[in-house]
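Remarks on the overall topology
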Amino acid sequence: RKEVEQDPGPFNVPEGATVAFNCTYSNSASQSFFWYRQDCRKEPKLLMSVYSSGNEDGRFTAQLNRASQYISLLIRDSKLSDSATYLCVVKTAGTYKYIFGTGTRLKVLA
Amino acid sequence: SAVISQKPSRDICQRGTSLTIQCQVDSQVTMMFWYRQQPGQSLTLIATANQGSEATYESGFVIDKFPISRPNLTFSTLTVSNLSPEDSSIYLCSVDEGTEKLFFGSGTQLSVL
């Protein structure tokens, strides 16, 4: 079983739609959680960290469920510019290693 | 946030040759990493580049194939040796400034013929 699992998609949604991605992780000792965004042929960039209490940044909301070992990303009012691959990233306490999921592709259609 | 300059951005190499990738950071950072991203795959950590000592390699990666240098806190190189078509991939350097935020170079796309 992979340490971090994501549905690869693609998720094709119309502009203005709300879309949600889930990510599951296998290591219960995981302590830090992130969503990164990767555009085609570009490097990944941090979208947001995921806190236990959940957090929101504009149209983006991230949540963590430690009991079920998954994190989610909700995008409201999708824009064409949101089209990208969203990478779920997990880090275990006391380590320097970031474990990346394979990513979920999102295509927002006009 | 750290600004990372990685080069070359792409290269096409012959089997059996080597490619050295450079990563320059605009500030001193302790943690610097090298990742590989194969087509349609996730990022896989190759090694952590340690300043003044040998790199720490992840399972499946060895120093003979992926020698790494880290002469100071702002610079590192990754060499991919004895190239084969299976090494065709994107290679990324990244740094963690200690704020649990990874910053990446723009990547090197390697194609091996």
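Description of the structure in this document. Just so it is clear, the model here is predicted, and its values are computed rather than measured.

1. What to know about empty space enclosed by the protein
Residues and elements named next belong to chain A. Under the criterion given, the structure shown has one cavity of 30 Å³ or more. Reported here for the largest cavity is a volume of approximately 50 Å³. Surrounding the largest cavity, Glu3, Val4, Tyr25, Asn27, Ser30, Val90, Lys91, Thr92 and Ile99 form its lining. Counting residues per element, the lining of the largest cavity draws most heavily on strand 9 (residues 84-92), at three residues. Across the lining of the largest cavity, the residue classes tally to four nonpolar, three polar and two charged.

2. Focus: the nonpolar core
Within the largest apolar cluster, 26 residues are counted, with the highest numbers of intra-cluster contacts made by B:Trp34, B:Ile46, B:Phe66, B:Ile68, B:Leu78 and B:Tyr91. Contributions of two or more residues to this core are made by strand 3 (19-25), strand 4 (31-37), strand 5 (43-49), strand 8 (75-80), strand 9 (89-96) and strand 11 (108-112) of chain B. Examining the composition of this core, we find that four residues originate from one element, strand 3 of chain B, more than from any other. When near neighbours in sequence (up to four residues on either side) are disregarded, B:Ile46 contacts B:Trp34, B:Tyr35, B:Arg36, B:Thr56, B:Tyr57, B:Glu58, B:Phe61, B:Phe66, B:Leu78 and B:Tyr91. In terms of nonpolar packing, the next biggest core, distinct from the first, is built from 24 residues, A:Cys23, A:Trp35, A:Val50 and A:Cys88 among them.

Rules and cut-offs
- Residues numbered from 1 in each chain as written.
- Chains lettered and ligands numbered in written order.
- Predicted model: local features only at pLDDT ≥ 70, side-chain atom pairs only at ≥ 80, totals over all residues.
- Heavy atoms only, no water.
- 1 Å grid on protein atoms, 1.4 Å probe; cavity = no way out; pocket = protein on both sides within 12 Å on 5 of 7 lines; lining within 4 Å.
- Points joined across faces, edges and corners; volume = space filled by probe spheres on them.
- Helix = DSSP H or I, 4+ residues; strand = E, 2+ residues; numbered from the N terminus.
- Nonpolar A, V, L, I, M, F, W, Y, C, P; charged D, E, K, R; others polar.
- Core = buried A, V, L, I, M, F, W, Y, C linked by side-chain atoms within 4.5 Å.
- Buried < 20%, exposed > 50% of the residue type's maximum accessible area, 1.4 Å probe, protein only.
- Contact = heavy atoms within 4.5 Å.

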